[in-house]
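Structural features, examined
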Amino acid sequence: MRIESRNCVRSVLVTGVLLIASVGVSCADGRDAAKPEAKPVLQISIAVPINHGNRAIIVGRPDSHFHAVVTNISDKPVRLWREWCSQGYFNLTFRLTDANSKTFIGKKLGRGWDKNFPDYVELGADEHFVIDVYPLRDWENFTPVFTTEATKAKLQAVYEIKPDTDSKKYNVWSGRIESNAQEYVLYNYEATAPKKDK
C-alpha cells in the first residue's frame with residue numbers, strides 16, 4: 001500500500017509540474033508575441049520637386065516660400081488643427097542638417113492672438129493639407145544654415161499634434177510623423193540676386 005501511495009503522489013507531482021510548465025509556455029508565448037503595427041494614418045512631404053538636378057529653396061527674401069503637404073492615407077476622415085489658431089500654429093517643424101552634420105530646428109516664430117479658438121479641418125481619404133512655409137518671414141533657424149550663395153543641407157519635415165483636452169473634445173488626430181530626409185540647395189537670394197546699377 002505504501003508503494004502504491006508513493007506512486008500516486010509521484011504521478012500527481014509530475015502532472016502538476018507538466019501543467020505549470022505548459023501554462024508558463026503559454027504565458028511566455030503570449031507575452032513575446034509581436035503585436036501587429038498600427039496602419040499609418042498620415043504622411044508628410046516637402047513639395048519641392050527636382051529642377052535642373054537639385055531640389056532648390058530660396059530662403060533669403062520675405063516672399064519666397066515652399067509647401068509642406070500632410071496627406072490622409074487612411075480610408076477614414078482625419079481632423080487636423082488649422083494653422084492660424086494656437087492649437088495648430090507650432091505643429092510643423094523642420095530638421096536641417098548642414099554639410100558639417102550640425103543640426104538646426106526650424107520652427108515658427110512666436111506670436112500673440114487677438115482672437116483664438118480651436119479650429120480644425122477634416123481630410124477625407126487621399127486629401128491633402130497644404131501648409132505654406134515662408135522661411136524668412138515666419139520662421140527661425142533657417143538662415144543660420146546658409147553662409148554662401150548656395151548651401152546644401154538635408155531637410156526633414158516633422159508634424160506633431162500632442163494629445164490634450166481640446167484634441168479629445170474635437171476628435172482631432174494626435175501623433176507624430178516625419179518626412180524622408182532629403183538634400184536641398186538653399187539659395188541666399190540677397191547673395192544671388194543681380195546687382196542693380198546705380
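Residues numbered from 1 in each chain as written. Predicted model: local features only at pLDDT ≥ 70, side-chain atom pairs only at ≥ 80, totals over all residues. Heavy atoms only, no water.

**Quick look at the overall build of the protein**
For the protein, the count of helices and strands is 5 helices and 12 strands. The 198 residues of the protein split such that 30% are buried. For the protein, the share of sequence-separated contacts (at least 6 apart) that also reach a separation of at least 24 residues comes to 79%. Within the structure as shown, the protein displays about 13400 Å² of accessible surface, and the carbon and sulfur contribution to it stands at 52%. (Helix = DSSP H or I, 4+ residues; strand = E, 2+ residues; numbered from the N terminus. Buried < 20%, exposed > 50% of the residue type's maximum accessible area, 1.4 Å probe, protein only. Contact = heavy atoms within 4.5 Å. Areas by Shrake-Rupley, 256 points an atom, 1.4 Å probe, with all protein chains shown as cover.)

**Considering the side chain of Asp98**
In this structure, Asp98 sits in the loop between strand S5 (92-97) and strand S6 (103-108). The buried charged residue Asp98 lacks any salt bridge, with Lys102 as its nearest oppositely charged partner at 6.3 Å. Separated by 2.8 Å, the side chain of Asp98 and the backbone nitrogen of Lys102 make a polar contact. (Lys, Arg positive; Asp, Glu negative; His and termini not counted. Salt bridge = Lys/Arg side-chain N within 4 Å of Asp/Glu carboxyl O. Polar contact = N/O pair within 3.5 Å; in protein donor to acceptor, adjacent residues only side chain to side chain.)

**Description of the packing of aromatic side chains**
Applying the stated criterion across every chain, the model contains 9 aromatic pairs. Relative to Tyr170, the ring of Trp81 lies with its centre 6.1 Å away and its plane at 75°, an arrangement referred to as edge-to-face. Note that Trp81 is positioned in strand S4 (residues 78-81) and Tyr170 in the loop between helix H4 (165-169) and strand S11 (175-178), a separation of 89 residues in sequence. One aromatic cluster is present, formed by Phe66, Phe94 and Trp139 through successive ring pairs. Over the ring of Tyr89 we find Lys108; its NZ or CZ atom is 3.7 Å from the centre of that ring. The side chain of Arg137 reaches across the aromatic face of Tyr134, ending 3.9 Å from its centre. (Phe/Tyr/Trp six-rings, centres within 6.5 Å; stacked < 30°, edge-to-face > 60°. Lys NZ or Arg CZ within 6 Å of the ring centre and 35° of its normal.)

Just distances and angles here, no functional claims.
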